[in-house]
Amino acid sequence: MMVSQRVVAVVLMLTAACGSIVLAQDAEAKEDPIQSFFDKLDTEYHGFYEMRAGYRLQNDRNEKDMSIMEGRYQFDLFSMRDWGDIKVKGDVYGDGVMEEGVFDLREANLFARPTDTMDVKVGRQVLTWGTGDMIFINDLFPKDWQSFFIGRDVEYLKAPSDAAKISLFMDWANLDIAYTPEFDSDRFISGERISYWHPMMGAAAGEDNTLSTERRREFFEEDETALRLYKNVNNYELAVYGYWGYWKSPGGFNQAMTDAIFPELYVYGASARGNVGKGIGNAEIGYYDSVDDRCGDDPLINNSEMRYLIGYTQEIGRDFTAGLQYYVEQMLDYSDYEDNQPTGMPKRDEFRHLTTLRLTKLLMNQNLRLSLFTYYSPSDEDVYLRPIANYKASDNLSVEVGSNIFFGDEAYTFFGQFEDNTNAYMAVRYSF
Amino acid sequence: MLLKTNTIHLLLILLCGLAVTGAAWAAGAADVPDVQTIVTKANIVAYYQADDGKANVKMTITDKRGQERNREFIILRKDVADGGDQKYFVYFQRPADVRRMTYMVHKHVGIDKDDDRWLYMPAIDRVNRIAAGDKRTSFVGSDFLYEDVSGRSLDEDTHELTSTTDTQFIVKNTPKKPDTVEFSYFTVAIDRKNYVPMKMEFFDKEGKLYRTIESQKVEVIQELPTVTKSVVQDLKTGSKTEMEFTEVQYNIGMGDVFEERYLRRPPREAMR
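Note that this is a predicted model, so its numbers are computed, not measured.

About the cut-offs
- Residues numbered from 1 in each chain as written.
- Chains lettered and ligands numbered in written order.
- Predicted model: local features only at pLDDT ≥ 70, side-chain atom pairs only at ≥ 80, totals over all residues.
- Helix = DSSP H or I, 4+ residues; strand = E, 2+ residues; numbered from the N terminus.
- Rg over C-alpha atoms; globule rule 2.2 N^0.38 Å.
- Contact = placed C-beta atoms within 7 Å.
- Buried ≥ 20, exposed ≤ 12 C-beta atoms within 10 Å, placed from the backbone.
- Core = buried A, V, L, I, M, F, W, Y, C linked by C-beta atoms within 7 Å.
- Nonpolar A, V, L, I, M, F, W, Y, C, P; charged D, E, K, R; others polar.
- Expected span 1.5 Å × (residues − 1).
- Arc of directions from axis to C-beta.
- Pairing = 2+ DSSP bridges.
- pLDDT = per-residue confidence, 0-100.

With that settled, the discussion passes to the overall build of chain A. Each helix and strand in chain A was counted, giving four helices and 22 strands. In summary, chain A has a C-alpha radius of gyration of 23 Å against a globular reference of 22 Å for 432 residues, a match within 12%. Projecting the C-alpha coordinates of chain A onto the three principal axes gives extents of approximately 70 × 65 × 50 Å. Here the contacts in chain A between residues at least 6 apart in sequence split such that 57% fall between residues at least 24 apart.

Listed below in structure tokens is the structure:
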């Protein structure tokens, strides 16, 4: 029986995890040879071991039942030198779903402060800016939606960029420039492990019909530039942004309609964040200029858009915080889109409304964190829930259970398409 | 209790010369300052020593079953005004899962003005703004409360000098807004020589003692009495937290580094 197999698999993995953790604790008690090696090099060595297992809660005819099954080791090396800092962080994991071993280099960068008014960071790095909570308007750095939906730690929602970031600090404002010489796309949903609505097939698709894409690989030609000019005025954080690059997840199809493509995209936006009443308010806006379809009449390429976000977070009880956001995507030139959309294809709405609610409660001396993040779209009529319980059994050992729950009225809406991917997972992590 | 302080002055004075000490002592005993002066001085000694400061902090949280958890962080502080606004950085070093997270506070003492707080999470390179919270909640899961660490505004309580011993002033503090706190009052024993708060005792709504904070070790650092070990005991839960300060330095001459640039990447001096 399927269910009992799952239970056995999960129990086996967790037993193995606990075993390895006990061993790891033993190892730490003795002199760790790796640790002492890095000590000699004047390098800080940290990281974690983790086991994570999850299953779909229903059948998905396009994907396996197993949604995540991996043993992961992350190392994090940091060294402070006279001229600057070196950081290397990488993950090695055995992936039981894809049946492969993976090395994912998360960071490998050099950081320096060459002058009093300048910081430079070059190499592989994770980049973030903007005010949204799990909603991104002006943060066009790569996201890993697949990791997010299968229940990896939220750290993995941000995929690294191979970039140079230069920060200039001036009296009147600060400026960040992030230059990525070769376009870094999102790790988008391609059917590989999350089934999705395939627009060309007009049906749900999965690992047998993964989305093939035309990659952009021209070094220094197909590049990305992102800017942020920001200033703190009485602790109100104000920023304007610019981005010159490409849609981060496929934003259209080639003429033959065989491959998804990353059309050119420019984004201009602004944000503000600060105290409002008892809580924190934020607002952000962005104009998405879809350069290859400025008139909006090409049905194969995304139209331009306006995106708007307002949010508010407040503590509503002891160690209990609530955050609300309201977000709108407005398709521009909507009548051109309507006129040119092939018959039979489901049409997007002109306005996509999305609300989010985050509830976080800390219990047991802040060692137990219960959180629920909810996306709900009244226009798409779909929902994505992320309940997570994380317990720190000790300073080193944490246990997590969580779920990714999707539902929607239609098979092609943003979250509705993922309904059959609804899953639950458990994880044990030993940090050192 | 941050960089809070104390009594080694006594020792110093003894070393300096008994005659002088005796004279000073006699003078001190003759006129006891009024309570407002006492609490103001004690507040400055506890939270505003020098213009800025840096310390390595180690917290040991021990629950009633004896299970220990540890926190290690570096604190940087700069005063905007003595007894007034302050800015803090807390660079977390342990446990491993919060390593390199950084917490920044712009503390405001004005009544009804909340502190501004930020948290930087290096794994996702995100600067989060933290909503102002109940200041009587635990600081990093320890028995110290946010308010113990950042200081409780003197305007929140009425102060009464209940007794004066040879060595200490005992001040009783009663909240002006009792429904905003879990205690009915607390007392502070303040060292008469150097105004270091030596012991705080909190009484619940039934008038029963339920929580104490004690300065267990006081050293003179750069001529300033400094509490280098303090312990809070929660008599209700049986839990206690020890907080030890090492490598305390004052007047390091920090510029205004309390901004996003250094939240994302601390100044090097802070990490050494």
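On to the overall build of chain B, then. On a plain count of helices and strands, chain B comes out with six helices and 13 strands. By sequence separation, contacts in chain B at least 24 residues apart represent 50% of the contacts at least 6 residues apart.

Here we come to unusual backbone geometry. Note the cis peptide between R94 of chain B and P95 of chain B, where omega equals 0°. For V140 of chain B, which is not glycine, the phi torsion reads 45° and is therefore positive.

The subject of this paragraph is helix α2 (residues 33–40) of chain A. Among the eight residues that make up α2 of chain A, zero are buried, leaving the element largely open to the surroundings. D42 of chain A occupies a position one or two residues after α2 of chain A and carries a positive phi of about 60°.

Let us look at the nonpolar core. In this structure, A42, V57, V188 and I190 of chain B are the most contacted members of the largest nonpolar core, which totals 48 residues. Looking at this core element by element, the count peaks at six residues for helix α3 (residues 35–47) of chain B. If sequence neighbours within four positions are ignored, V188 of chain B has contacts with A42, V171, N173, P197 and M200 of chain B. Counting 30 residues, the second-largest nonpolar core is a separate cluster that includes Y156, F188, Y196 and F406 of chain A.

Another aspect to go through is the interface of chain B and chain A. Taken together, the 25 residues of chain B in the interface contact 31 residues of chain A. Where the side of chain B that touches chain A is concerned, the elements lending two or more residues are β2 (68–79) and β6 (126–130) of chain B. Of the residues that constitute the side of chain B that touches chain A, the class distribution is seven nonpolar, six polar and 12 charged.

Of note, W145 of chain A is situated in helix α3 (residues 145–150). Leaving out residues up to four positions away in the same chain, W145 of chain A has contacts with D186, R187, F188 and I189 of chain A.

All names here are of chain B. Here α3 contains 13 residues, and its C-alpha end-to-end distance of 18 Å stays within 8% of the 18 Å for a straight helix at 1.5 Å per residue. Along α3, the residues that are buried comprise I38, V39, A42, N43, V45, A46 and Y47. Down the axis of α3, the sector holding all buried residues measures 165°, keeping them to one side. Across α3 from its buried face, at more than 90 degrees, point the exposed residues Q36 and T37.

Residues and elements named next belong to chain B. In terms of strand pairing, β2 meets strand β3 (residues 86–94) through eight bridges, oriented antiparallel. Bridge pairing in β3 links I74 to Y91. Linking β2 back to β3 in an antiparallel pair, the connection comprises six residues, with G83 at a positive phi of about 75°. Both β3 and strand β4 (residues 102–107) contribute to a ladder of six bridges, which runs antiparallel. Note on β4: the bridge partner recorded for Y88 is V105.

With that settled, consider the confidence of the model for chain B. Residue and element names in this part refer to chain B. Looking at chain B, the pLDDT average stands at 88 and 88% of residues meet or exceed 70. Under a pLDDT of 50 for its full length, residues 1–28 has, in the predicted model, 64 contacts with residues more than four places off or in other chains. Predicted as a complex, the structure gets a pTM of 0.89 and an ipTM equal to 0.91.

With that settled, consider the environment of F418 of chain A. All names here are of chain A. Of note, F418 is situated in the loop between β21 (397–408) and β22 (423–431). Each C-alpha atom, one on F418 and one on A272, is 33 Å from the other, the two residues being 146 residues apart in sequence. With near-sequence residues (within four places) excluded, F418 lies in contact with F149, I194, Y196 and F406.

With that out of the way, let us pick up the pairing of strand β8 (residues 168–175) of chain B. Pairing analysis gives seven bridges linking strand β7 (residues 157–164) of chain B to β8 of chain B, with the strands arranged antiparallel. Bridging from a neighbouring strand, E160 of chain B pairs with K172 of chain B of β8 of chain B.

As a further point, take the environment of Y376 of chain A. Residues and elements named next belong to chain A. Mapped onto the secondary structure, Y376 falls in strand β19 (residues 368–377). Owing to 16 C-beta atoms within 10 Å, Y376 belongs among the partly exposed residues under this scheme. Leave out the neighbours within four places in its chain, and Y376 touches T355 and V383.

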